[in-house]
Amino acid sequence: MSTVFSEVYGTYYNVVAKVLTQALEGKLSAASMQQLVREGAYGDSVLQLLLTVHGNC
C-alpha cells in the first residue's frame, strides 16, 4: 500500500513543481495551470488539485 501512496504523492509533487516552475518563469496562466494538472495528475482529482494550487497562489 505504501508504494501506491508514494506513486500518487510523487505524481502530485511533480505537477506542483511544474506549476511553480512556470510561475517563477512568469509563464503561468490559468489555462497553462489547468493543462499541466490535466496532463500530469489523475483524472479523478484534477479539480481538487487545481483548487488547492490556485487557492494558494
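Here is a short report on the structure shown in this document. What you see is a predicted model; the values in this text were computed from it and never measured. (Residues numbered from 1 in each chain as written. Predicted model: local features only at pLDDT ≥ 70, side-chain atom pairs only at ≥ 80, totals over all residues. Heavy atoms only, no water.)

**Here's the deal with the overall build of the chain**
The following threshold applies: Only DSSP runs of H or I with at least four residues qualify as helices, and only runs of E with at least two residues qualify as strands; both kinds are numbered from the N terminus onward. Burial status follows relative accessibility: with a 1.4 Å probe on protein chains alone, a residue under 20% of its type maximum counts as buried, one over 50% as exposed, and anything between as partly exposed. Any two residues whose heavy atoms approach within 4.5 Å are treated as being in contact.
Tallying secondary structure elements over the chain gives three helices and zero strands in all. Each helix and strand of the chain, ordered N terminal to C terminal, gives the series α-α-α. Expressed as a percentage of its 57 residues, the buried residues of the chain come to 23%. In the chain, the share of contacts with a sequence separation of at least 24, taken over all contacts with a separation of at least 6, comes to 45%.

**Comments concerning the nonpolar core**
Definition in use: Definition of nonpolar core: a set of buried residues of the types Ala, Val, Leu, Ile, Met, Phe, Trp, Tyr and Cys, connected through side-chain atoms within 4.5 Å.
Core analysis: the largest hydrophobic core is formed by eight residues, namely Val15, Val19, Met33, Leu36, Val37, Ala41, Leu49 and Leu50. Put simply, the parts of the chain that give this core at least two residues each are helix 1 (2-24), helix 2 (30-40) and helix 3 (46-55).

**Examining the pattern of salt bridges**
Stated precisely, the cut-off is as follows: We count a salt bridge whenever a side-chain nitrogen from Lys or Arg sits within 4 Å of a carboxyl oxygen from Asp or Glu.
Applying the stated criterion across every chain, the model contains one salt bridge. The salt bridge partner of glutamate 25 is lysine 27, with a shortest N-O separation of 3.6 Å. Overall, the relative accessible area of 54% leaves lysine 27 in the exposed class.

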